[in-house]
Amino acid sequence: MKTINRWIVASCVMLFITPAFSQAPTQTVRGVVKDADTDFPLYGVYVKINTSDTTLLLRALTDPDGLFEIANVPVGKHNLTATLGSYQAKSIDIIVNSGKESVIDVKMQEFITEVEEVVITSRKQGEIINEMATVSSQQFSVEETERYAGSRGDPARMASNFAGVQGADDSRNDIVIRGNSPLGVVYKVEGIDIPNPSHFAISGSTGGPVSIINNKSLANSDFFMSAFPAEYGNSLSGVFDLKLRNGNSNQHELTGQFGFLGTEISAEGPLKKGSRASYLVMGRYSTLSLFQFMGIKIGTDAVPVYGDGAFKFNFPLKKGAALSLWAIGGKSEIEILISDKTTLSEELYGEGDRDQYFGTTMGVAGVTYKKSISEKTFLTATLSSAFDEQHSHHDFLIRSLDTVNTNGVQEINVRVDSIYALMGYQFKTTRGSAYTAVSHKINKQHLLRFGVNVDGLYFSMADSVKNTAHTAFINRWDYTGFSVMVQPFVQWKYRVSENMDITAGLHSQYFSLSNSLSPVEPRLGWKYSLKNGQRVFAGAGLHSQTQPYYTYTYHKLDANGNKVYQNKNMDFSKSVHTAVGYEKAFKNGISVRTEVYYQYLYNVPVTVTPSSFSIINQGSGFARFFPDSLKNTGTGTNYGIELTVQKYFSKTFFLLFTTSVYDSKYVGSDGIERSTSYNGLYTSNILFGKEFKINAKQSISLGAKVTVAGGKRYGYVNLDASKEANELIFSDSLFNERQFRDYFRADVKINWKYNAAKMTHEIGLDLVNLFNTPNLLSLAYAPNIADPSAEPIAERTQLGFLPIFYYRIDFRVGKKRE
């Protein structure tokens, strides 16, 4: 902690010795204005930036490519307006820093009827990008969510602050939406589904301890929680549709960041003089060895090591086309070595009987082509290749205790008598994907979009483990094979009037491995704008999803030693989503939104033999599951109400309050209705922040977050079965009958920003779990080798107090491209 104190003192000294009377630096604001329905660039749009200095004339007209540029804009927060006679005017807030140019994308909606007068009305911030969405959706704003305390720069953790999203697991960034399993979440980039973008990702899961996605590589994106449009499929819970931003095509810029969680660097700029081609490249490497050096406990002596990177090269072509090459990837490794420990401690209990080695790799690369075929028709096409791999190896330890007399003091030491291989596996999936979509604006009222997603999947899965007596290996996975997933869709949007939209669509999907077909999945949405900033909306849809891929290829042996893939023919799980909501926007920038929803899940895999098991409860934690013979007869229900009160960052302040009250139940093959593993019953977040302007160049921001949520579900332990299996075994009939105490966590974020002439400095401190609240995570099997008669159960707590500091610098390099 001494290092933290020195850092705080140094920051304060730097703050107060900096001149406080210098003139504010300026920066260039650039961007593009496009039609919201077709992405066609709009020519002649009048763009104006309004600042506190009314004598400044900061304005421009867009060129034939929809581009605009406004120079000499003072740093700070300003308002930008865009107007064009036949389009609804837009007004948005922008942040200008000296170290990076501000690049703004503006989407404008065409009037249905001719208007005689242009009235600028404030655009609702957070408006979803996908124009087909009407309900249960949220724009993921990078600039806005980066202010959230406790999010650690992780897009998934940032999204957990939205209403209906549960984020009460400090160890992982799983996205639990409305009581659904995180298995139901799909990540998309440039139209295609990507593998789990997390370090240390367990096979089949969608989350992990650390995200591979760096939020600095993202543009504003879409987050869907229910009844999503027809172009999205193979998901029962939600979709995170990520947009990669382009690099600056006018100016070379560099960003460097150093912090407790690692070091990262990014570069962007024009590729060639005289063209608008650009590049964006970034890399990050993290090691937590610094925590050990400072004596900060991170839950284990094992040090996770991981690195990730991303790039995007964008090439504007003739006649409104653009080609981009992009990639995202990461690799992680961890070694948990108990054999190195000689002192008796609680860490030697439970899985202290083995050394564990675990690692993962994930990468996806693609090429995307976008083309405005005409003023009314827009084409998008993506080809990509992806790879993900998980491997693990466990060595079993035979241990005994030694009593040592040191200077008259007796100490109990642990001796490792022998080590032998216990388990090992490697799962690999190679994927080739193609996506194409065409948007056609039939007229001002009717928009049609249709397309298809095709994925080719090659699996290679191997796994062996010692039998109960540890006398021989049992092979559980030994599969290689190729499968295809095909998902066509069609969507239609009808603008009934300036105030009412109706959307409808059909989705279909086929998976060859299990020969599963969902021929027709209807989607429907409705949105109606009332007077005084009010809006009502509703949506419904049928959705289906594959099971985790490795569950299809798990095998057992028959009496003749032949492999039997008892679950290879599992069908899709299905869910019917319905939601209705109301929203009110106030003139002071505050909006209030509430939604009520109901979801019915069916065709869920449960065991053939009557039990409490359902795949609906899987998807979180750090362990795979090994299913018995399953059948698609399980059901589930989720229903609840949500409330969001939000003031987007403006006039130096932001506020976000979200709360959800819900119930999540399921029925296994034993016919008993139980709470799902994600049924916390409620979750609430309040986040707020304030920016204090010291002078023209400096500012300090303070932010805080408080989360309260229902505790995790668990059951009653079967002690005899646990001792026999040497792992925690819960009573099947009493599964999820108990609940840990409620979750509580408070976070605080402080940062100081200094805008110099050509660079921006930022120093921040994120205090996670400020009060060191010992939230419960799980129970663990923990036999005490010093006292075998003690009950072999221990409570595992979540993350304790964790201070995270960072220093970031953004700066311009060389001359600006003319």
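Residues numbered from 1 in each chain as written. Predicted model: local features only at pLDDT ≥ 70, side-chain atom pairs only at ≥ 80, totals over all residues. Heavy atoms only, no water.

## Let's talk about the sheet that holds strand β6 (residues 87–96)
The strands making up a sheet associate through hydrogen bonds between their backbones, and the pairing can be parallel or antiparallel.
Part 1: As summarised here, the arrangement of the 4 strands in space is β3-β2-β5-β6, forming an open sheet in which the pairing is antiparallel. At either margin of the open sheet sits one strand with a lone partner, and together these are β3 (59–61) and β6. Neighbour-to-neighbour, the strand axes of this sheet turn through a mean angle of 20°, independent of strand direction. (Pairing = 2+ DSSP bridges. Helix = DSSP H or I, 4+ residues; strand = E, 2+ residues; numbered from the N terminus. Axes fitted to C-alpha atoms, helices over the stretch in contact; angles between N-to-C directions.)

## Quick word on the pattern of salt bridges
Part 1: One pass over the full model with this rule turns up 41 salt bridges.
Part 2: Between K100 and E268 there is a salt bridge, and its shortest N-O distance comes to 2.5 Å. A residue pair is termed long-range when its members are at least 10 positions apart, and K100 in the loop between β6 and β7 (102–108) and E268 in strand β18 (residues 262–270) qualify at 168 residues. Per residue, the accessibility class of K100 equals that of E268, and both read buried.
Part 3: Salt-bridge contacts for K712 lead to D169; the nearest nitrogen and oxygen are separated by 3.7 Å. With a gap of 543 residues between them, K712 in the loop between β38 (698–709) and β39 (713–714) and D169 in the loop between β9 (165–166) and β10 (176–177) connect regions that are remote in the sequence.
Part 4: Owing to a relative accessible area of 23%, K712 belongs among the partly exposed residues under this scheme.
Part 5: Note on D169: relative accessible area 16%, which makes it buried.
Part 6: The network of salt bridges with shared partners includes D35, D37, E110, K441, K493 and D501. (Salt bridge = Lys/Arg side-chain N within 4 Å of Asp/Glu carboxyl O. Buried < 20%, exposed > 50% of the residue type's maximum accessible area, 1.4 Å probe, protein only.)

## Comments concerning the pairing of strand β8 (residues 137–140)
Part 1: Burial of β8 is two-sided: the residues S137 and Q139 facing one way and the residues Q138 and F140 facing the other way are all buried.
Part 2: In this sheet, strand β15 (residues 218–224) lies alongside β8 in antiparallel orientation, the contact comprising 4 bridges. Looking across to β15, one finds that F140 is bridged to S221.

## Considering the nonpolar core
Nonpolar side chains tend to gather and get buried jointly when the protein is soluble and globular.
Part 1: Formed by 39 residues in total, the largest nonpolar core has its most connected members in I175, Y187, F223, F240, I328 and V364.
Part 2: Among residues more than four places away in sequence, those in contact with I175 are A156, V165, P182, V185, Y187, F223 and F240.
Part 3: In this structure, F396, M461, M485 and V604 belong to the second largest nonpolar core, which totals 35 residues. (Core = buried A, V, L, I, M, F, W, Y, C linked by side-chain atoms within 4.5 Å. Contact = heavy atoms within 4.5 Å.)

## Some points on the side chain of T607
Part 1: By secondary structure assignment, the location of T607 is in strand β33 (residues 590–607).
Part 2: Of note is the side chain of T607, whose polar atom sits 2.6 Å from the backbone oxygen of T609.
Part 3: Those residues within four positions of T607 in sequence are excluded, and the remaining contacts are F613, D628, S629, L630, K631 and S669. (Polar contact = N/O pair within 3.5 Å; in protein donor to acceptor, adjacent residues only side chain to side chain.)

## Focus on the sheet that holds strand β1 (residues 26–35)
Part 1: Taken together, the 3 strands give an open sheet; going across it, the order is β4-β1-β7, and neighbouring strands pair in mixed fashion. The open sheet is flanked by β4 (67–74) and β7, the only strands paired with a single partner. Strand after strand, the sheet turns through a mean of 25° between neighbouring axes, direction not considered.
Part 2: Bridge count between β1 and β4: 6 bridges; the pairing is antiparallel. Across the sheet, the residue bridging to G31 is F68, located in β4.

## Looking at a nonpolar patch on the surface
Part 1: A cluster of nonpolar side chains, F450, V490, L506 and V520, forms an exposed patch at the surface whose accessible area comes to about 320 Å².
Part 2: Of note, L506 is situated in strand β27 (residues 500–511).
Part 3: By relative accessible area, which is 41% here, L506 ends up partly exposed. (Patch = residues over 30% accessible without salt bridge, like charges linked within 9 Å, V, L, I, M, F, W, Y side chains within 5 Å. Areas by Shrake-Rupley, 256 points an atom, 1.4 Å probe, with all protein chains shown as cover.)

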